[in-house]
Amino acid sequence: MIRILLAEDQHVIREALVALISIEPDIEVVQAVESGDAVVSAALVHQPDVAVLDVDMPGAIDGLDAAGELRAKLPGCRTLMLTGHGKPGHLRRALASQVDGFILKTASPEELTGAIRKVARGERVLDPSLASTAWNLADNPLTSREADVLRLVAAGAEATEIASQLFLTAGTVRNYITAIVAKLNARNRTDAVRIATEAGWI
């Protein structure tokens, strides 16, 4: 019997997934939680074989952060990420976090339960529709300093505030922002933040 911990914040979807998975004779949902914050504590109590985690969940940590904590605290529990969209940034973080599987919510019930079984056996699973995205993940063109500047831009800081925090001059910060916008082929700094966030670079 494969013991499953399920984490999904939307009640209707969570209950539907529990019902769907519970039909399988060899899979048992031992606990279902609604936030990333609850994943590790529930896993330590129920000792699941596989954690099926929604990527986007409310709380201090999302599904990918929870997967990383699970790997550290309960290495015997394998992780299958479930998402409504295959954003490159999410996929990049998932691969970096060494999750065991990444599947879209548009997958059929058979594909989902098949992925659970494969992950439980120690195999890696990647939704076929995400395979080309995985191969085509572009390298981060930003230097670490440029990424620092853009994170502060994303937080709403102005050039003078960024300069103060990073011990730069305001002119240097503006030069960094100009270079970032150019590197990312962005329309402006707001567009640069969007591009870099979706790609998982900041």
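Please refer to the structure placed before this passage.
This one's a predicted model, so the numbers in the text were calculated from it and none came from an experiment.

## A few points about the sheet that holds strand S3 (residues 50-54)
Within the open sheet, the six strands sit side by side as S2-S1-S3-S4-S5-S6. Their pairing is parallel. For this open sheet the edge positions go to strand S2 (27-33) and strand S6 (125-126), each flanked by a neighbour on one side alone. Relative to strand S5 (residues 101-104), strand S4 (residues 78-83) runs parallel, the two sharing four bridges. The residue of S5 that forms the bridge with Thr83 is Leu104. Relative to the sheet, helix H3 (residues 63-73) contacts S3 and S4, its axis offset from that of S3 by approximately 155°.

## Looking at the environment of Asp100
Here Asp100 lies in the loop between helix H4 (88-96) and S5. Ignoring anything within four residues of it in the chain, the contact list for Asp100 reads Arg71, Arg78, Thr79, Val119, Glu123, Arg124 and Val125. In terms of polar contacts, Asp100 uses its side chain to reach the side chain of Arg78, at 2.9 Å.

## A look at the pairing of S3
Most of S3 sits inside the fold, with five of its five residues counted as buried. A two-sided burial pattern is seen for S3, the buried positions comprising Val50, Val52 and Asp54 on one face and Ala51 and Leu53 on the other. Relative to S4, S3 runs parallel, the two being bridged by five bridges. Following the sheet pairing, Val50 is matched in S4 by Arg78. Running through H3, the crossover from S3 to the neighbouring parallel element S4 is right-handed.

## Digging into the nonpolar core
Most often, soluble globular proteins keep nonpolar side chains buried together rather than apart. With 23 residues, the main nonpolar core has Leu5, Val39, Leu53, Leu70 and Met81 as its most contacted residues. Mapped by element, the contributors of at least two residues to this core are strand S1 (2-7), helix H2 (39-46), S3, H3 and H4. If we ignore the near neighbours within four places in the chain, the residues touching Leu5 are Gln31, Val33, Val39, Ala42, Ala43, Pro48, Val50, Ala51 and Val52. Membership of the second largest hydrophobic core comes to 22 residues, among which are Val153, Ile177, Ala199 and Trp201.

Each value, and the rule that gives it
Residues numbered from 1 in each chain as written. Predicted model: local features only at pLDDT ≥ 70, side-chain atom pairs only at ≥ 80, totals over all residues. Heavy atoms only, no water. Pairing = 2+ DSSP bridges. Helix = DSSP H or I, 4+ residues; strand = E, 2+ residues; numbered from the N terminus. Contact = heavy atoms within 4.5 Å. Axes fitted to C-alpha atoms, helices over the stretch in contact; angles between N-to-C directions. Polar contact = N/O pair within 3.5 Å; in protein donor to acceptor, adjacent residues only side chain to side chain. Buried < 20%, exposed > 50% of the residue type's maximum accessible area, 1.4 Å probe, protein only. Right-handed = clockwise from strand over helix to strand, strands pointing away. Core = buried A, V, L, I, M, F, W, Y, C linked by side-chain atoms within 4.5 Å.

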